[in-house]
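Architecture and fold: a report
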Amino acid sequence: TLILGEGALPLLVALLRAGTEEGKASAADAIGMLANDPSTLTLIVEAGALPLLVALLRIGTGDGKTNAADAISWLANDESACALIVEAGALPPLIALVSP
């Protein structure tokens, strides 16, 4: 996509890593939107976004957790990413997010 071609993904990953809570939530939201395009899934994982999204799931704000879960759900559309999602430890915080 044009956004990726302009170098936005490393900036979004950096924001996930070291941004404010609001910045992290916004970065997760943007990554989730990018992940809607199946051609970007591998790029997102290779950029290192997945462990940062899982971390946001664990300790983020409500919006951060929701946006991280959304992004991870889009990444799960790539069969090869599913194992990585499990390995990254995403399932327990995802389950906690939807548990009463």
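Residues numbered from 1 in each chain as written. Predicted model: local features only at pLDDT ≥ 70, side-chain atom pairs only at ≥ 80, totals over all residues. Heavy atoms only, no water.

1. Considerations on the packing of helix α2 (residues 8–18) against helix α5 (residues 49–59)
For the pair α2 and α5, interaxial distance at closest approach is 10 Å and the crossing angle is 35 degrees. With respect to the hand of their crossing, α2 and α5 are arranged in left-handed fashion. Listed contacts from α5 to V13, L16 and R17 of α2 are A49, L52, L53 and L56. Among the residues making up the contact of α2 with α5, the classes are represented as six nonpolar, no polar and one charged. (Axes fitted to C-alpha atoms, helices over the stretch in contact; angles between N-to-C directions. Helix = DSSP H or I, 4+ residues; strand = E, 2+ residues; numbered from the N terminus. Left-handed = near helix turned anticlockwise from the far one by under 90°. Contact = heavy atoms within 4.5 Å. Nonpolar A, V, L, I, M, F, W, Y, C, P; charged D, E, K, R; others polar.)

2. Considerations on helix α6 (residues 62–75)
Side chains three or four residues apart in an α-helix point the same way, a direct result of the helix having 3.6 residues per turn. Taking 1.5 Å as the rise per residue, α6 with 14 residues should run 20 Å; its terminal C-alpha atoms sit 20 Å apart, in good agreement. Buried within α6 are the following residues: G64, N67, A68, A69, A71, I72 and L75. Contacts from the buried residues of α6 go to α3 (21–34), α4 (41–46), α5, α7 (79–87) and α8 (91–98). (Expected span 1.5 Å × (residues − 1). Buried < 20%, exposed > 50% of the residue type's maximum accessible area, 1.4 Å probe, protein only.)

3. Some thoughts on the packing of α3 against α5
Orientation of α3 relative to α5, taken along the N-to-C sense of each, is 130 degrees, at an axis distance of 11 Å. Compared by their axis directions, α3 and α5 come out oblique. Considering how the two elements wind past one another, α3 and α5 form a crossing that is left-handed. Every residue of α5 that contacts α3 at E21, K24, A25, A28 and I31 is listed here: A49, L53, L56 and I59. (Parallel < 35°, antiparallel > 145°, perpendicular 65-115°, else oblique.)

4. Describing the environment of L12
Here L12 is to be found in helix α2. Taking relative accessible area as the criterion, L12 reaches 15% and is therefore assigned buried. Discounting chain neighbours no more than four positions away, the residues touching L12 are A27, A30, I31 and L34.

5. Brief notes about the side chain of N67
Along the chain, N67 turns up in helix α6. The contact partners of N67, leaving out residues within four places of it in the chain, are A25, A28 and D29.

6. What to know about the environment of D78
Along the chain, D78 turns up in the loop between α6 and α7. D78 sits 38 residues away from T40 along the chain, and the two C-alpha atoms are 9.9 Å apart. In this view, D78 contacts L41 and T42; residues no more than four positions away in its chain are not counted.

Just distances and angles here, no functional claims.
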